[in-house]
Amino acid sequence: MTFTTKKVSLYGKDTEPNKGVSNAYDSVIQGGIDGNCLLGIFGLRNSGKTFCCSKIVNQAQKTNVYDRIYLITPTFLSNKSYFGKHIDEEDVFEPNRDSIKQVIESVEQDRDDFEKYLQDLEDYNEFMKKLNSKKDLFTDEDIFKFDNLGWLEMTPEKPQWKYKKVRPPQSLVILDDILGSQVVHSPFFTKIATLNRHIAGLTEPYGERSACGLGVIFNSQTYSMNQGVSRVLRQNLTHMIVFKNKQQKQMDKMVEELAGAVDEEKFMEAYNYAIQDKHDSLLISFKPHCPTHTFKRNLNELIIFPDDKKECHCH
């Protein structure tokens, strides 16, 4: 059967929408895991999940990816050596039905603080410009406004932002050892699985950001189980790390659900190569910046397939 083709003058470039905001975090680690990721780490007890997670966080904080990191876990004291230097104890929560809600509320408060800082800075700059200008005089409205701020009696100090970089706050929540807890039954668990990049929306876009967003990493001993991590969350993952798994049913389930995102043969070949020793892992990136970064052994060894190499654009 043969056919001919012909293009028609419809749906051209003039009908393409304006580029939307990406909500990507700055200080992105080139070739690494995106800051506002949704990352699932799956491995049996003592496989090295928490150690692996701490390496990801340590790498991110080398370039100040996160302004604030939250941890939901029942075992913080035993894991303090892994995360203690990056997480304040006030940002550690016991796993219960409201844990994620509390984290989201804290992210939203940071958003409110940031927008207040921007407004305070705008008011300060306006006040100082008029104070030092010979042309721009204070109007009655200005006098009322600045008097309420207490600036007519004392020259104000320039507002200072509370974190290192002036940007919508960038946050991460780590959920560790939460299976069997009320966290997985919370509606907020589903919310961060589907809307994590859109958490704490901004009143006005700031650069490429329309929301503060919230990076999510969760560690789980099993990929799928009754009353465990929901399929909704698994299917929205941006990245996944798997350790050695001897349960064939779990592997079959994994392959079945990954079929639409990565090639099954590539996945199994990469997995069999990556898992050589007890604590080895395979990292899968579902939307890599380059096809050659789809699979990694132990976070930093690329597993490159010939057809992906042909499509490489990261040199």
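Quantities reported herein were computed from a predicted structural model and do not represent experimental measurements. (Residues numbered from 1 in each chain as written. Predicted model: local features only at pLDDT ≥ 70, side-chain atom pairs only at ≥ 80, totals over all residues. Heavy atoms only, no water.)

1. Things to note about the overall build of the protein chain
Within the protein chain, the secondary structure is distributed over nine helices and eleven strands. Projected onto its principal axes, the C-alpha coordinates of the protein chain cover approximately 75 × 65 × 35 Å. Within the protein chain, the proportion of its 315 residues that are buried is 45%. Carbon and sulfur atoms provide 49% of the accessible area of the protein chain, an area that totals close to 18500 Å². (Helix = DSSP H or I, 4+ residues; strand = E, 2+ residues; numbered from the N terminus. Buried < 20%, exposed > 50% of the residue type's maximum accessible area, 1.4 Å probe, protein only. Areas by Shrake-Rupley, 256 points an atom, 1.4 Å probe, with all protein chains shown as cover.)

2. Structural notes on the packing of helix H3 (residues 99-131) against helix H5 (residues 187-195)
Viewed as axis vectors pointing N to C, H3 and H5 meet at an angle of 50 degrees, and their least axial separation amounts to 7 Å. In terms of their interaxial angle, H3 and H5 are classed as oblique. In this structure, H3 meets H5 at a crossing whose hand is left-handed. Residues Ile100, Lys101 and Ile104 of H3 form the contact with H5, whose participating residues are Phe188, Phe189, Lys191 and Ile192. (Axes fitted to C-alpha atoms, helices over the stretch in contact; angles between N-to-C directions. Parallel < 35°, antiparallel > 145°, perpendicular 65-115°, else oblique. Left-handed = near helix turned anticlockwise from the far one by under 90°. Contact = heavy atoms within 4.5 Å.)

3. Points about the packing of aromatic side chains
The final tally for this structure, using the stated rule, is 14 aromatic pairs. Summarising the aromatic geometry, the rings of Trp161 and Tyr163 are spaced 5.6 Å apart at their centres and angled 85 degrees between planes, so their arrangement reads as edge-to-face. Among the aromatic residues, ring-to-ring pairing joins Phe114, Tyr117, Trp161, Tyr163 and Tyr206 into one connected group. In this structure, Arg297 packs its charged tip against the face of Tyr273, placed 5.8 Å from the ring centre. (Phe/Tyr/Trp six-rings, centres within 6.5 Å; stacked < 30°, edge-to-face > 60°. Lys NZ or Arg CZ within 6 Å of the ring centre and 35° of its normal.)

Function cannot be inferred from these measures alone, as they are strictly geometric.
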